[in-house]
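Each chain, written out:
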Amino acid sequence: MALTSCTGSGSQEASRPPDTSYQKGSFGYDLTFLKQYDSVIVLKSDNENSQIIVSAKYQGKVFTSTTDGNDGFSFGWVNYKAFDGPLDAHMNAYGGENRLWLGPEGGRFSLYFKPGDSMVFNNWKTPAAFDTEPWTVTAQSGSSVTMQKDMSLVNYQNTPLQIAVTRVIDVLSAGDINRNTGLALDPGVKVVGYQTTNTLTNTGKAAWTETTGMPCIWMLDMMKNTPSTVVVVPYKNAKGASFEAVGTTNYFGEIPADRLRHDDDKVFFKADGKSRGKLGIKPTYTKPVIGSYDAENKILTIAMFEPEASAKYLNQEWGTTKPSFSGDAVNAYNDGPLEDGSQMGPFYEIESVSPAAFLAPAASLAHKHAVYHFTGEEKALDLISRRLLGVTLNDIQNAFK
């Protein structure tokens, strides 16, 4: 999540409810709603019931997904009220369970503040190229779509950045999911999974260096919370190290102690949509996975990516005093009320970030980020959680009891 967000009404009621018999919260409801605004792309896996909705008009987002066709649960958070009315001056939060932004948000190489401006909310603006402008579909099949966007940005160092971004989204078959995760799925488990391959190319004439600055790829997955939702971030064993050396917990002020639990190799983060906070893990300690469990709906969500422990990651915090390459490689965000009582969601996010793109002209950097939703009996989901996250479902559910 952005370090400061626009202030929505807090309601998720659609200003143009779709004319549909599908229940709100279902994939069919969201598909009907989104079709009022865009000719969205529906991609399906080999079993036909596992589907995702992609929109080129709305910045190449995966808006939502399901394991059960139109009548199934819709996993992504859609901000219905954002689709009508004037554009927001700072950020247009349409929602979407997988979206691409570029970083850094703050710091000496920020893309969200004009050179010399103080880093306060009134001056903060998400670049239109990945906030409101459409992308171009360059290839499409029943299970895959490729989209492209050319961008001209200027960072806080007044460096012009000519960028091309290509985004390939592939819905995965059950066989693909087993191979990618190392699982042998129980036949009783339903799953939808997709992989995004995001490639950033320097199309300008100058190299991106520590003097000029450079962007990074930033993937954000917005999901629906329940009171029971907990995010799990496994990390490399940090026995003997303070958690302050491992993670960042003060993006929006310190996360309250009763919302965070950690030991030497994992952290639990309460994601109930009731308290705004963001967690990050340093690249040295980052593992290639983050997940969450919604005990109310029996949904285990996993995101997998490819961190680089020795690479430089851009600091995204507002201000210019921290070292530019002291950033996190994986993040989790819990939405909550702002100081004036308003709230955009509720929702929560799991996020991954690429290393800083030190690119010569015509060179590229790619960042893969895959999302999986598993539903079924808790015994089967527990085996998946143990394998991918290293924790039991009981561990997750009892973390804050």
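Further up the page is the structure itself.
Note that this is a predicted model, so its numbers are computed, not measured.

A closer look at the sheet that holds strand 7 (residues 160-171)
Overall, antiparallel pairing links the ten strands, which are arranged 5-6-7-8-19-16-15-10-13-12 in an open sheet. In this open sheet, the two strands that pair with only one neighbour each are strand 5 (136-140) and strand 12 (260-262). Strand-to-strand twist of the sheet, defined as the mean angle between neighbouring strand axes without regard to direction, takes the value 20°. Note: strand 8 (residues 190-202) against strand 19 (residues 364-375), twelve bridges, orientation antiparallel. Bridge pairing links T201 to S364 in strand 19.

Here we look at the sheet that holds strand 11 (residues 247-248)
Two orientations exist for strands paired in a sheet by backbone hydrogen bonds: parallel and antiparallel. Read from one edge to the other, the open sheet built from six strands follows the order 4-9-18-17-14-11, with strand pairing classed as antiparallel. Strand pairing shows two members of the sheet lacking a second neighbour, strand 4 (99-103) and strand 11, which therefore form its edges. Here five bridges tie strand 17 (residues 330-334) to strand 18 (residues 348-353), and the two strands are oriented antiparallel to one another. The residue bridging V330 from the neighbouring strand is S352, located in strand 18.

With respect to helix 1 (residues 27-35)
For an α-helix, the turn length of 3.6 residues means that residues three or four places apart are oriented alike. Counting buried residues in helix 1 gives seven out of nine residues, a clear majority hidden from the surface. Every buried residue belonging to helix 1 is among F27, G28, Y29, D30, L31, F33 and L34, and all of these are buried. Along its buried surface, helix 1 packs onto strand 1 (41-44), strand 2 (51-55) and strand 3 (61-66).

Overview of the pairing of strand 6 (residues 144-154)
Sheet topology places strand 5 next to strand 6; four bridges connect them, and they run antiparallel. Note on strand 6: the bridge partner recorded for V137 is M147. A loop of three residues connects strand 5 with strand 6, the two strands running antiparallel in sequence. Where strand 6 lies against strand 7, eleven bridges are found, and the strand directions are antiparallel. Note on strand 7: the bridge partner recorded for L153 is L161. Remark: five residues form the turn of the hairpin made by strand 6 and strand 7, two consecutive strands paired antiparallel; N158 in that turn has positive phi of roughly 65°.

Overview of the pattern of salt bridges
According to the stated counting rule, one finds 15 salt bridges in the structure shown. Note that D265 is salt-bridged to K266, the shortest N-O span being 3.4 Å. Across the pair D382 and R386 runs a salt bridge, and its minimum N-O distance is 2.6 Å. Taken together, the residues span about one helical turn, with D382 and R386 both in helix 5 (residues 378-389) at a distance of four residues. One salt-bridge network, in which partners are shared between bridges, spans D263, D265 and K266.

Calculation criteria
Residues numbered from 1 in each chain as written. Predicted model: local features only at pLDDT ≥ 70, side-chain atom pairs only at ≥ 80, totals over all residues. Heavy atoms only, no water. Pairing = 2+ DSSP bridges. Helix = DSSP H or I, 4+ residues; strand = E, 2+ residues; numbered from the N terminus. Axes fitted to C-alpha atoms, helices over the stretch in contact; angles between N-to-C directions. Buried < 20%, exposed > 50% of the residue type's maximum accessible area, 1.4 Å probe, protein only. Contact = heavy atoms within 4.5 Å. Salt bridge = Lys/Arg side-chain N within 4 Å of Asp/Glu carboxyl O.

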